[in-house]
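An overview of the molecular structure
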Amino acid sequence: MNESESLTNESAMGFPSSSWLEAETFASNGTLALSSASPNFHVNPWDIMLCLSGTVIACENAIVVAIIFYTPTLRNPMFVLIGSLATADLLAGMGLILNFAFQYLVSSETISLITVGFLVASFTASISSLLAITVDRYLSLYNALTYFSEKTLHYVHLMLVGTWGASLCLGLLPVLGWNCLDDASTCSIVRPLKRSNLTLLATSFFIIFILMLSLYFKICKIVCRHAHQIALQQHFFTTSHYVATKKGVSTLAIILGTFGASWLPFAIYCLVGEREYPPVYTYATLLPATYNSMINPIIYAYRNTEIQRSIHMLFCGCFQSNGSYRSRSPSEV
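Residues numbered from 1 in each chain as written. Predicted model: local features only at pLDDT ≥ 70, side-chain atom pairs only at ≥ 80, totals over all residues. Heavy atoms only, no water.

1. Looking at the packing of aromatic side chains
The way to describe two aromatic rings as a pair is by their centre distance and the angle between their planes. This is how the line gets drawn: Any pair of Phe, Tyr and Trp rings, taking the six-membered ring for Trp, is counted once the centres come within 6.5 Å. Such a pair is stacked with planes under 30 degrees apart, edge-to-face with planes over 60 apart, and tilted for the rest. For the exposure calls, accessible area comes from a 1.4 Å probe over protein chains only, and a residue counts as buried if that area is under 20% of its type's maximum, exposed if over 50%, partly exposed in between.
Summed over the entire model, instances satisfying the criterion amount to 12 aromatic pairs. Taken together, a centroid distance of 5.5 Å and an interplanar angle of 65° make the contact between Phe 205 and Phe 206 edge-to-face. The buried category is assigned to Phe 205, whose relative accessible area is 4%. Joined through ring pairs, the aromatic side chains of Phe 123, Phe 205, Phe 206, Phe 209, Phe 259, Trp 263 and Phe 266 make up one cluster.

2. Observations regarding the environment of Ser 262
So the rule is basically this: Working definition: helices are DSSP H or I runs of at least four residues, strands are E runs of at least two. Numbering for both runs from the N terminus. Any two residues whose heavy atoms approach within 4.5 Å are treated as being in contact.
Mapped onto the fold, Ser 262 is located in helix α7 (residues 239–272). Using a relative accessible area of 6% as the deciding quantity, one classes Ser 262 as buried. Between the alpha carbons of Ser 262 and Thr 290 there is a distance of 7.5 Å; along the sequence they are 28 residues apart. Apart from the residues lying within four places of it in its own chain, the contact partners of Ser 262 are Thr 285, Pro 288, Ala 289 and Asn 292.

3. Describing the side chain of Ser 84
Mapped onto the elements of the fold, Ser 84 is located in helix α3 (residues 77–105). Among all residues touching Ser 84, those that are not within four sequence positions of it are Ser 129, Leu 160 and Trp 164.

4. With respect to unusual backbone geometry
Looking along the chain, the bond that leaves Arg 191 and enters Pro 192 is cis, with omega of 10°. By the element assignment, Pro 192 lies in the loop between α5 (150–172) and α6 (195–233).

5. So, the UniProt feature "transmembrane region" (unreviewed entry) in the protein
The condition that has to hold: UniProt positions are given in the numbering used here, feature names are shortened, and annotations may be inferred rather than shown by experiment.
Here the UniProt feature "transmembrane region" (unreviewed entry) sits at residues 46–71, 78–105, 111–135, 155–178, 198–217, 249–268 and 280–302. Along residues 155–178, the helical share is 75% and the strand share 0%, with 32 Å between the first and last C-alpha atoms. Across residues 198–217, the secondary structure splits into 100% helix and 0% strand, with the terminal C-alpha atoms separated by 29 Å.

6. What about a nonpolar patch on the surface?
Our working rule: The patches described consist of residues with a relative accessible area above 30% and no salt bridge, like charges being joined within 9 Å and nonpolar side chains (Val, Leu, Ile, Met, Phe, Trp, Tyr) within 5 Å. Here, Shrake-Rupley sampling with a 1.4 Å probe gives the accessible areas, and only protein chains in the shown set may cover a residue. Salt bridge, as used here, is a side-chain nitrogen of Lys or Arg placed within 4 Å of a carboxyl oxygen of Asp or Glu.
On the surface, a cluster of nonpolar side chains totalling about 480 Å² of accessible area is made up of Ile 114, Leu 168, Leu 172, Val 175 and Leu 176. On the secondary structure map, Leu 172 appears in helix α5.

Laid out in structure tokens, this is it:
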């Protein structure tokens, strides 16, 4: 009877016992308290949407990873970083699917810690890979003559090590003890992460977002300067130059705008939200954040001509090349 009252009270506070986003109800001996009065198997619609989002993310990025892995011509730094982004998003999609399965089938504190850590590491690697791609695009414009040198490849390898190393460390923190299982008062809006842990993740996001904003602003300046120099060489500024410059700036704005619109609401809510708030607020800000991993392969992979050609060859097997293809730099893309 006491266990049922405990479940009822926590549900009234907005914390159903089924999700890692909210508090779970435990009996005094530490085992999960189950109510015999409610034998029905209830599934949170928000969890279903997160699982569906993860399925789409995993399928999209699995194709990109397979294309880059099995295509020998896609080995330059740009595609290595796109492959890193696709791998991170693929793992994030798989994490959302596994979270849904474990949450309703094999619910335990250990699995909750592992699942949350896996998702933190995957999404951190995705965001960090976006920053690495931005740095690579800036270098391809700033050092265009030496971009295809061994030095660039060395920089890419360092960025990959830093990206995945930092992501793995952040993902292991909850598993290694930085969690709120022993003190529920320190929990954040994403249980079992502590509020201090979530603050660290949100702050890291804002730092990455500001760096990307700064780099894309510099890229826009370089693109406009190059267009102006071409116009001066030809003694007039043609409409095609204006359209090309406008298109390039618009593309950069779409990339940065999509990233910000997806992650900013959740990052801000991580800083201002309290664990007593209704879980629907967490779901409503987290779900759009997952859409960024759904949009990434469209922006960075499927719009690329060489990847389109590889996909056509993979699925059709009858693609006839009408011209020579060469490995291009991010500035040309």
